[in-house]
Amino acid sequence: MLTTILYNFGIYAYMLGVLIASVFNRKARLMVKGHLSTFRRLKEEVDPKAQYIWFHAASLGEFEQGRPLIERYRREYPQYKILLTFFSPSGYEVRKNYDGADIVCYLPFDTPGNVLSFFSLIHPVALFLIKYEFWCNFLVGCDHEGIPVYSISSIFRPEKIFFRWYGKSYASTLRRRITHFFVQDQQSADLLRSVDIINNVTIVGDTRFDRVLDIRKQAKDLPLIEQFRGKNMTFVAGSSWGPDEDLIIPYFNNHPDLKLILAPHVIDEEHLRQIENKLHRPSLRYTEIQGGNADVKEADCLIINCFGLLSSIYRYADIAYVGGGFGVGIHNVPEAAVYGVPVLIGPNNQGFREAQDLLKLGGCFEITDQAVFNASVDRLVTEDKYRLRRGAVGRRYIESNAGAADTIFGKVGVDFHR
């Protein structure tokens, strides 16, 4: 009882914090605005005669992990409608018009009142939680409503609250409320076993691998990128931040035979100007050549100042760099590695299993400073066989680890049908 009171107090405190932050923080404002519209949208859009399969993703990365399963259900069981919820604006704002779901909205804050209101408007036949985010009141609500809950691509680490002495109540909620865990690795299964979650656990790997293989199959032909690349050695830096660019751009400035495609994580005008000021060689923004306002052949560096192209651009790389490793953590390494190119990343990569595996296998390189960056790229540029061999490691790794979505779909199917 005390644990529940403390949990609910924490949720209300968090809500208040977001509300205060929304005064001066754009992301918090988007969250508040989105949450205010959720119940109105559900009232307007829910078809009371339909059966909904509910998928929840914290943000964009988790959505991409769940996407192969969402689209599999959409394709093979079209009689069901899809509800997709996000917690973070960085997921919702990018995918709010995703046509693979019938309703896309924010997940209401996990208060008892919100849970009651939510289930009064929609009664899903199943819930798939992608990777993590186990909201206690919603889990209890699903249990009361008889809604099975599946955790997919979940990964657990010893430092998580479930495995601490003060997290016993939280672990009990998982044990009693989750129908089945489809985890990424043996460590996650062992940790669940340590809190007596044993019989409803299956190790399937990460659905992210299925997603990047789908992306590779559907990759767009980009004639302007092809023209820019020509026959030159091309370095593609994806989801880069300032510290990443401070390593990449000096090297590029001093190597005239190398072409650079730079897709920064933040594409506001201030950051784009910062990049352009660091460049000492001709550059263009993608929208300039796309609009016909400039000739792509005039540039040595192409700055991608729009979203939605990076996953296809990696196919034109000889060497790839995935940003974020000098900040909160690296972005999507498999998205680049699937094309058979060696990938460079920053040092903050410990929480990313695929990056750790590729570092051990030799398909990925950890960059810690300018000297390491220069030496790594020099060898990849000058030794063709070495570069191709390293890239092939990544492609084989992705292909050999695919199939998690098929396993989950085969095991769950529509056993939840009522």
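It should be noted that the structure appears before, not after, this text.
Quick caveat, the model's predicted, so the values are computed rather than measured.

(A) Summary view of the packing of helix 16 (residues 353–361) against helix 18 (residues 384–400). Two numbers describe how helix 16 lies on helix 18: the axes approach to 10 Å, and their chain directions differ by 135 degrees. By the angle class used here, helix 16 and helix 18 are oblique. Crossing angle aside, the handedness with which helix 16 passes helix 18 is right-handed. Touching Arg-353, Glu-354, Asp-357, Leu-358 and Leu-361 of helix 16 are Arg-390, Val-393, Gly-394 and Tyr-397, all from helix 18.

(B) Structural context of the sheet that holds strand 9 (residues 258–264). Taken together, the seven strands give an open sheet; going across it, the order is 10-11-9-8-12-13-14, and neighbouring strands pair in parallel fashion. Looking at the sheet topology across the chains shown, the edges are occupied by strand 10 (283–285) and strand 14 (364–366). For this sheet, the mean angle separating the axes of adjacent strands, direction not counted, is 20 degrees. Sheet analysis places strand 13 (residues 343–345) next to strand 14, joined by three bridges and oriented parallel. Counted as the bridge partner of Ile-345 is Glu-366 from strand 14. Packing of helix 11 (residues 242–253) onto the sheet brings it into contact with strand 8 (233–240), strand 9, strand 11 (301–303) and strand 12 (319–322), and relative to strand 9 it is tilted by some 160 degrees.

(C) Looking closely at helix 9 (residues 208–217). Of all ten residues in helix 9, seven are buried, a share of seventy percent or more. Listing the buried residues of helix 9 in full gives Arg-208, Phe-209, Asp-210, Arg-211, Val-212, Leu-213 and Ile-215. Where helix 9 is buried, its residues touch helix 3 (60–76), helix 14 (310–313), helix 15 (333–337), helix 16, helix 18 and helix 19 (404–412).

(D) Quick look at the pairing of strand 6 (residues 180–183). Neither face of strand 6 is left uncovered, since the one carrying His-180 and Phe-182 and the one carrying Phe-181 and Val-183 both have all their residues buried. One crossover worth recording links strand 5 (residues 149–154) to the parallel strand 6 by way of helix 7 (residues 168–177), and it is right-handed. Note that strand 6 and strand 7 (residues 201–203) share three bridges and pair parallel. Its bridge partner lying in strand 7, Phe-181 is registered against Val-201.

(E) Structural detail: the sheet that holds strand 5. Taking strand neighbours across the sheet as the criterion, the seven strands line up as 3-2-1-4-5-6-7 in an open arrangement whose pairing is parallel. Two strands close off the open sheet at either side, each with one partner strand: strand 3 (103–106) and strand 7. Across this sheet, the average inter-strand angle for adjacent strands is 20 degrees, counted without regard to direction. Note: strand 2 (residues 81–86) against strand 3, four bridges, orientation parallel. Bridge assignment links Leu-83 to a residue of strand 3, and that residue is Ile-103.

(F) Local environment of the pattern of salt bridges. The full count for this structure, using the stated rule, is 25 salt bridges. Measuring nitrogen to oxygen at the nearest pair gives 3.2 Å for the salt bridge that ties Glu-64 to Arg-95. On the criterion of sequence distance, the pair formed by Glu-64 in helix 3 and Arg-95 in helix 4 (residues 89–95) is long-range, its members being 31 residues apart. Judged by its relative accessible area of 14%, Glu-64 falls in the buried class. Since its relative accessible area comes to 25%, Arg-95 is described here as partly exposed.

Calculation notes
Along every chain, residues carry numbers that run from 1 in the direction the sequence is written. For a predicted model such as this one, the threshold for reporting local features is a pLDDT of at least 70, and the threshold for listing and counting side-chain atom pairs is 80 or more; totals across whole chains, interfaces and linings nevertheless cover every residue. Hydrogens are left out, water is left out, and the side-chain values use all remaining heavy atoms of the structure. The axes are straight lines fitted to the C-alpha atoms, using for helices just the contacting stretch, and the angles between their N-to-C directions are given from 0 to 180°. Here a strand is any run of E in DSSP of at least two residues, a helix any run of H or I of at least four, and the numbering for each starts at the N terminus. Here is the rule for angles: anything less than 35 degrees is roughly parallel, anything more than 145 is roughly antiparallel, 65 through 115 is roughly perpendicular, and the remaining ranges are oblique. By definition, turning the near helix anticlockwise from the far helix through less than a right angle yields a left-handed crossing, and turning it clockwise yields a right-handed one. Any two residues whose heavy atoms approach within 4.5 Å at even a single point are treated as in contact. One bridge is not enough; two strands pair if DSSP finds at least two bridges between them. Burial classification: accessible surface area is computed with a 1.4 Å probe over protein chains only, and a residue below 20% of its type maximum counts as buried, one above 50% as exposed, and the rest as partly exposed. Seen with its strands pointing away from the viewer, a crossover is right-handed if its path from the first strand over the helix to the second goes clockwise. Salt bridges are identified by distance alone: a Lys or Arg side-chain nitrogen within 4 Å of an Asp or Glu carboxyl oxygen.

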